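# Observations on the three-dimensional arrangement
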Amino acid sequence: MFKQKLKRYYRIIKYILHKETLVDYRESLWSFLGSFIGISAIGFIQSKYLLPIENISLIGSFGATCVLLYGAIDSPLAQPRNLIGGHLISAFIGVTVYKLCPDPIWFSAPLAVALSIMVMQYTKTLHPPGGATALIAVIGTEKIKSLGYLYLFSPVLSGIIILLFVAFLINNLDAKRQYPAKSKLPKTIKKAIIPLKSHNKKNAA
């Protein structure tokens with residue numbers, strides 16, 4: 001009896017491990033193409049219009065955004081509202097914190113990140129790379145810091161528009177992929193309406 005249970009548990013664990021370690025090569029290919037083209041497009045535009053010393057278009061948080069935007073397209077954190085809102089809110093907070101209290105860095109840096117997370121949560125625009133966008137505004141190069149609130153428009157807004165455009169293009173080339181993800185709002189409304197209809201019927205009876 002004990003051996004049978006042991007074998008059964010072994011088969012279950014083996015199956016779970018097998019499922020969890022499966023690699024969807026098709027999905028990986030689309031993720032690679034999306035992230036490569038997105039970052040490449042930003043880099044190419046930068047090389048055409050900016051000098052090498054003005055290398056500010058490619059900020060680190062865009063790399064993290066690519067992970068979500070092309071590798072986890074169904075995630076709520078990867079949707080356009082979160083992408084745009086999260087980055088812009090965080091950029092604004094980061095610049096504001098730097099202008100108001102640039103020093104000491106041990107206070108201004110965590111304050112920018114913590115505030116950006118809190119505001120993203122309140123506005124339903126949580127996008128993890130946004131924390132990095134806020135941090136870069138405080139600890140970035142002098143060129144980044146000198147931009148002030150222009151940081152919101154370039155490199156932040158210009159970059160996310162390019163990444164979003166590539167996401168719309170690449171993530172919808174495969175019939176099995178869809179971006180933005182289907183909204184759950186209709187189901188939520190339906191669930192709210194059904195009890196209401198039942199209540200009205202009872203009152204009418």
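Everything in this summary refers to the structure shown in the same document. (Residues numbered from 1 in each chain as written. Predicted model: local features only at pLDDT ≥ 70, side-chain atom pairs only at ≥ 80, totals over all residues. Heavy atoms only, no water.)

## Overview of unusual backbone geometry
When glycine is set aside, most residues are seen to have a negative phi, and most peptide bonds are trans. Of note, the bond from Asp-103 into Pro-104 is cis; its omega dihedral lies within 30 degrees of zero at -5 degrees. One can find Pro-104 in the loop between helix H4 (80-100) and helix H5 (105-122). Of note in the backbone geometry, Lys-124 takes a positive phi value of approximately 60 degrees without being a glycine. Mapped onto the elements, Lys-124 comes out in the loop between H5 and helix H6 (129-139). You can call Lys-124 exposed: its relative accessible area is 62%. (Helix = DSSP H or I, 4+ residues; strand = E, 2+ residues; numbered from the N terminus. Buried < 20%, exposed > 50% of the residue type's maximum accessible area, 1.4 Å probe, protein only.)

## Some words on the packing of aromatic side chains
The description of an aromatic ring pair uses the distance of the two centres, along with the angle that the planes make with each other. Applying the stated criterion across every chain yields a total of four aromatic pairs. Summarising the aromatic geometry, the rings of Trp-106 and Phe-107 are spaced 6.3 Å apart at their centres and angled 80 degrees between planes, so their arrangement reads as edge-to-face. The exposure class of Trp-106 is exposed, given its relative accessible area of 66%. We classify Phe-107 as partly exposed; its relative accessible area is 40%. (Phe/Tyr/Trp six-rings, centres within 6.5 Å; stacked < 30°, edge-to-face > 60°.)

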